[in-house]
Amino acid sequence: MATIVLYSMNRTAQTTARLCFFPYSTRGSIVDSRISFFHNTSVRWLTPLPGARWVPKATGVQRSALLVAGAAAAVVGFVASASHFQRAERATMITKTEETEISEKCKKFMSPPCTDVKVLQQKKEEMCTRMEMLIMETQAEFCGGGISCVLQDGKVFEKAGVNVSVVFGNLTEEAAKQMRSRGKVLRGKDGILPFCAMGVSSVIHPKNPHIPTVHFNYRYFEIEEEDGTKQWWFGGGTDLTPTYVNKEDGAHFHNSLKEACEKHHPKYYPDFKKWCDRYFYIRHRGETRGIGGIFFDDLDSPSQEEAFSFVRSCAQTVVPCYLPIVYKHLDDPFSPEEKDWQQVRRGRYVEFNLVYDRGVKFGLATPGSRIESILMSLPLTAKWEYMHEPPKGSQEADTLEVLRNPKEWV
């Protein structure tokens, strides 16, 4: 599998980013034997997929920049203030001489991990290594196999992406300023703050309006201070954005997250559910983007081990909380009017991401950022109608009522 290694022009960060974009799987992950994927950076067709269109293949530096997408692109812009990328290289593949515990696990991944396997083995007890292995496992479980560019016009999903990112370097002043505004006390040596950041992120926009859009992101950040001590924290969440609210789907989704949270603390689900509802609120519309889920940031207690265990539980819940909903509605018929309503709701999705999402806003404000990558999370199509209001008593009106008044699902 191809791996793209990116270098920012000012050399403050080295970034490896991976993307895989699929609908469906016979193995319980979001893959389908009916779609194509990139294998060693060339297109390989498994079986024909009518109506599927891939983003045109880029070359050289353009291709490398294209592969940084979604939340990972925001991480790159946030910590490195990258202007553009100088070159792309293939990462070293796992060799037979590296038959270690780490490399055995890596064989199940879609490609070698972002960090060299020998380095991961040497530092296998460190949190950066453990988190990188977790996000690679999450990506592999969700996608099933392969590395590709953005899938558009698929049979199940109109646009879908799952991305892994590992970034390290020195914090920019802007990044440090934003972190201090959130209460972080950062003491660098001569103003220099080495960091490492990593995460797995996904946004999936289905074609059928009865299948909801899902978004998840789980990340880890670590900063080394002047005395050698490290500040660390986790963040992330999973949320659902249906075109039509289905009570059974909402209950299944939230109950899956609740069960994962309650393994670690009884207040995690209620607290992070409220946080999710607040974060994904579209203030100028007076409604939430979807029916929420969980959202948290700056999680640095009760201990690193316990926080990591909680994040691992959440990441492992992504597939079971979403895939049954996809299967349930896969063959649901829909009318042109229902497709129009989906387009209107996607317009709200776009509004939130462009106006309120912190990662997107920072990426767009960073000179030299790869705009196509930052906007990967947006749907392929959307719609705005002047003074649109659904008829009273309609399914559309019922959905809007839930979005204007978030409810308890479990």
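Further up the page is the structure itself.
Residues numbered from 1 in each chain as written. Predicted model: local features only at pLDDT ≥ 70, side-chain atom pairs only at ≥ 80, totals over all residues. Heavy atoms only, no water.

A. Up close: the overall build of the protein. If you tally the helices and strands in the protein, you get 14 helices and 14 strands. Across the 410 residues of the protein, 56% fall into the buried class. Within the protein, residue pairs in contact and separated by at least 24 positions form 74% of the contacts whose partners lie at least 6 positions apart. (Helix = DSSP H or I, 4+ residues; strand = E, 2+ residues; numbered from the N terminus. Buried < 20%, exposed > 50% of the residue type's maximum accessible area, 1.4 Å probe, protein only. Contact = heavy atoms within 4.5 Å.)

B. Region of the structure containing the state of the cysteines. The full count for this structure, using the stated rule, is 1 disulfide. Note on cysteine connectivity: Cys128 is disulfide-linked to Cys196, with sulfurs 2.5 Å apart. Taken together, the residues Cys128 in helix 5 (residues 127-143) and Cys196 in strand 9 (residues 194-206) connect sequence positions 68 residues apart. Owing to a relative accessible area of 14%, Cys128 belongs among the buried residues under this scheme. Of the residues examined, Cys196 reaches a relative accessible area of 12% and is grouped as buried. We note that Cys321 lacks a disulfide partner, and the nearest cysteine sulfur, in Cys314, lies 9.9 Å from it. Overall, the relative accessible area of 0% leaves Cys321 in the buried class. (Disulfide = S-S within 2.5 Å.)

C. Molecular detail of helix 14 (residues 395-404). Buried within helix 14 we find Glu396, Ala397, Thr399, Leu400, Val402 and Leu403. Residues of helix 14 that are buried make contact with strand 13 (287-288) and helix 11 (336-355).

D. Layout of the side chain of Glu222. The residue Glu222 is located in strand 10 (residues 213-224) in this model. Within the structure, the side chain of Glu222 is placed 2.5 Å from the side chain of Tyr220, a separation counted as a polar contact. (Polar contact = N/O pair within 3.5 Å; in protein donor to acceptor, adjacent residues only side chain to side chain.)

E. Quick look at the pairing of strand 9. With 12 of 13 residues buried, strand 9 is to be regarded as a mostly interior element. For strand 9 and strand 10, the ladder comprises 10 bridges, and the chain directions are antiparallel. Directly across from Gly199, in strand 10, lies its bridge partner Arg219. (Pairing = 2+ DSSP bridges.)

Distances and angles like these do not, on their own, reveal function.
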